[in-house]
Amino acid sequence: MNCCGLLTAQKEPVPLKSIEVELEVRDHVATVVSTLTYENKEDKPVEAVFVFPLPGDAAVCHFSAKIGQTQIVAEVKEKQQAREEYDDALSSGQQAFLLEESEQSPDIFTLSVGSLPPGESASIKLEYVTELAVQADDGLRFCLPAVLNPRCQPQGSGGSEGASVQVTSVPASLVPYSLSFSARVSSPRPVSKVESNCSLDPLQHLNTEQTQATAKLAAGHKFDRGVELLIYYKDAHQPTAVVEAGQTTAKTGTLMGDPVVMLSLYPEFPQSVMSSVASCGEFVFLLDRSGSMDCPTDDSMQEATRICSARDTLLLLLKSLPMGCYFNIYSFGDTYEYIFPKSVEYCEKTLEEAVKKVEEMAADLGGTEILDSLKHIYSQPCIPNQPRQLFVFTDGEVFNTKEVINLVKTNSGSHRCFSFGIGEGASSALINGLAKEGGGHAQFITGTDRMQPKVMQSLRFALQPAVEDISVTWDLPKGVSVTVLSPPITAVFQGQRSLLYAQLTGQSSEASEGSVMVKYSLAGHPSQSQLHFSLKPAEDTGLTVHRLGARTLIRSLEMEEKDDEAPQDEGVKERVVELSVQSGVSSSYTAFIVVHKGNGKPIEGPLVRRNIPTSILGGMMYSQCCAISVLNDIMVSEDSLTCEDVDDCEPMWRNKVDDEYCLSDASEECRRISSDEDVDGSPLACLGNVEAPTIKKPPRDPLLQLVSLQKASGYWLLNPALAAALGKTSEEVDKTKPPAVNQEMWATILALIWLHAFKMDAKEEWELLAMKAVSWLHAQNAPCVAECVEAGKALLGCEVQKDFLGL
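Residues numbered from 1 in each chain as written. Predicted model: local features only at pLDDT ≥ 70, side-chain atom pairs only at ≥ 80, totals over all residues. Heavy atoms only, no water.

## Focus: the overall build of the protein chain
Right, on to step 1. Along the protein chain, the regular secondary structure elements total 16 helices and 40 strands.
Right, on to step 2. In the protein chain, buried positions account for 57% of the 807 residues.
Right, on to step 3. Here the analysis covers contacts within the protein chain between residues at least 6 apart in sequence; of these, 75% occur between residues at least 24 apart.
Right, on to step 4. For the protein chain, the accessible surface area stands at approximately 33,000 Å², while carbon and sulfur atoms represent 48% of it. (Helix = DSSP H or I, 4+ residues; strand = E, 2+ residues; numbered from the N terminus. Buried < 20%, exposed > 50% of the residue type's maximum accessible area, 1.4 Å probe, protein only. Contact = heavy atoms within 4.5 Å. Areas by Shrake-Rupley, 256 points an atom, 1.4 Å probe, with all protein chains shown as cover.)

The structure is reproduced here in structure tokens:
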């Protein structure tokens, strides 16, 4: 059997022909059905391997294969047993299909299509359910990932049997399969709009109430990026409850046999509390400096790179921190670095030193090994009365996702973790897992999204008074008991949803309604939020709620089993397998297996392994043994790149940026990719040194130029740099200053007028640092503020609201 099956110079086709995806969204839960069609046009039997990403919190719940007119539904079995059955089927000449989740990361699946005879086709149907995250603008986000970024395996880590999954990449325009995608949306509330990063046909409402609608991709989509949908409802933040009837064939008293309730809670906080900002805290920023961070933020080569955007974002964060807090900045790649040996107090001196170091940061630290940097951060003792807030920025994937998330969970009692996924290929399992287990909030920055507003929203969350003493109390009628499937709620934020799943056992002949009460303490004041719900099960929900509840419980048990500090329970794995088999939901310990005996005749000829390519987005992916590369439209064939040439390749991938290469395809699109090491025979060494395309450095944003000049306590100096940022000369600024006002106050008022007059569309980015500037002005008690404002408006030629300074 060949180690790798790749596209050759003659462009032999891979078996995967097309992907069809149907999305059904009900309120804030999505069901996704993907159909993958394979066709073997070669003259020999093949085994096709397709490695692909799914949302990290997805619950895979159905897998079937159709060969000819025969439909075979997969069974969920313990993983090793399923692998043995698959191997036995192939060795005896039977067709087999195996779908398994990575043991290291819950968002990576491997589909093995075994023994496709010459000229035969097969269709694979995969179904999963997932929750939709609420974005800052109240939109519900769904993403169909198109890319699997390189997975970095930390040096010295063992890796398991599934660690050496081989992935091939080609430019997006050469991916030899097509994608069709359609979505149906329904909700108790009207669907106001559906947006996407890809071209959509116009939204079609299906009823006069506009509570049902359909959307689909416009013709010609190449699947050269992840498909992202943002779905907007009217009154999206209303709390809701759905009770789903159990499976009629399942035994009463089991998870699948009893009703399951899904609660969506949105506690409302008083505005008086939300407007206050904490003046303490330890803020630790952890920045990815792997090679892929040098990629453009979107497909345009003229855009700033991810590392540039991250540097600008760090500048905004640093300028927005309150006086009296503590902070530090870490960065990671193959190794990690920090600016200060331990967190330091925020003042002008430490701010200037940090800003200088941030400006020098480049994407030059190699791979994406985040674990050691987190261990070092957690090894630092917490500062009394300064709650630790961790901000993690990364565009990549890590091989040991579960180990990283478990470390954050272990330390969740001493900090909150806010995470940011940059680019199309950022792992949803990693980003969502860090925030969920760290009691924080996750954000994704894709396409042309600006990083700054999303990050500043999370900073506002971090500066809000912490919600403490959270408790959940159920009030159910006599005869009905509840088993909570979700882990305890550890964080509650204004405008953010908390989902709870619970199994309801028993029946009541008296009452048909239950309720749940969430109590918490906010800024020292006790608060509560109550939701009443009907115990009558909803009709036609397709066991979606049950599967999401099972997935939630399975994930909790898996994390418990991986916890090195927790007492090991021998029965945890067995319970996970039992739950997975009972619910039909995937886990790291089980796999879906289909065996088709066909006509029972052994397949003749050697079996060839084919690894299905995925498109290159932001970074180069290649298998441990071979890679396909395109350079000036010349294909590197299997014959010229053999497994023996690269025996020393690592089992996973690294992004070390020593040289840059330009990949060009038929449409002359350039992709920046990074090589590992210049070792003869390595997948990229054969390309030689090619001059990288020049990325024009965009001029600095005037807003960031002004922000960079602000001092730690909130004021600006009157100097030529400020005048230039305001679009004026030093002479113009100096001669219009009212004589009774000092230079710092005049400069600060001018900066605030400029922000309110010309940058209101970016208010969420500068609001916190403006609040700091207003506080500084209040402390000055200076006269003639009104005169200053009028003089400033005349100088800048603008109008602002009279009370914008709050003075």
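## Focus: the nonpolar core
Right, on to step 1. If you look at the biggest cluster of nonpolar residues, it comprises 81 residues, and the most contacted ones within it are F283 and L318.
Right, on to step 2. Leaving out residues up to four positions away in the same chain, F283 has contacts with L321, P322, C325, Y326, F327, N328, Q389, F391, L459, A462 and L463.
Right, on to step 3. Counting 53 residues, the second-largest nonpolar core is a separate cluster that includes L111, V191, C198 and F592. (Core = buried A, V, L, I, M, F, W, Y, C linked by side-chain atoms within 4.5 Å.)

## Here's the deal with the pattern of salt bridges
Right, on to step 1. Evaluation of the coordinates by the stated rule reveals 21 salt bridges.
Right, on to step 2. Among the salt bridges present, the one from R83 reaches E100, with a minimum N-O distance of 2.9 Å. Separated by 17 residues along the polypeptide, R83 in helix α1 (residues 79-91) and E100 in strand β7 (residues 95-101) bring together distant segments of the chain.
Right, on to step 3. Judged by its relative accessible area of 11%, R83 is buried.
Right, on to step 4. Linking K711 and E352 is a salt bridge whose minimum nitrogen-to-oxygen distance equals 3.8 Å. Residue K711 is found in the loop between α11 (702-707) and α12 (720-725), and its partner E352 is found in helix α4 (residues 348-359); the two are separated by 359 residues along the sequence.
Right, on to step 5. Residue classification places E352 among the partly exposed positions, given a relative accessible area of 45%. (Salt bridge = Lys/Arg side-chain N within 4 Å of Asp/Glu carboxyl O.)

## Points about the packing of aromatic side chains
Any pair of aromatic rings gets described here by the distance separating the centres and the angle formed by the planes.
Right, on to step 1. Per the counting criterion, the structure on display carries 12 aromatic pairs.
Right, on to step 2. An aromatic cluster is present here, built from F285, F391, F393, F418 and F420 joined pairwise through their rings.
Right, on to step 3. Stacked on the ring of F444, the Lys or Arg R141 has its end atom at 4.5 Å from the ring centre.
Right, on to step 4. Between K193 and the ring centre of Y232, over which it is positioned, the NZ or CZ distance is 4.6 Å. (Phe/Tyr/Trp six-rings, centres within 6.5 Å; stacked < 30°, edge-to-face > 60°. Lys NZ or Arg CZ within 6 Å of the ring centre and 35° of its normal.)

## As for helix α3 (residues 306-320)
Right, on to step 1. Across its 15 residues, α3 extends 21 Å between first and last C-alpha, which sits within 8% of the 21 Å expected from 1.5 Å per residue.
Right, on to step 2. Counting buried positions along α3 gives 13 out of 15 residues, so the element sits mostly inside the fold. (Expected span 1.5 Å × (residues − 1).)

These results come straight from atomic positions and should not be treated as a statement about function.
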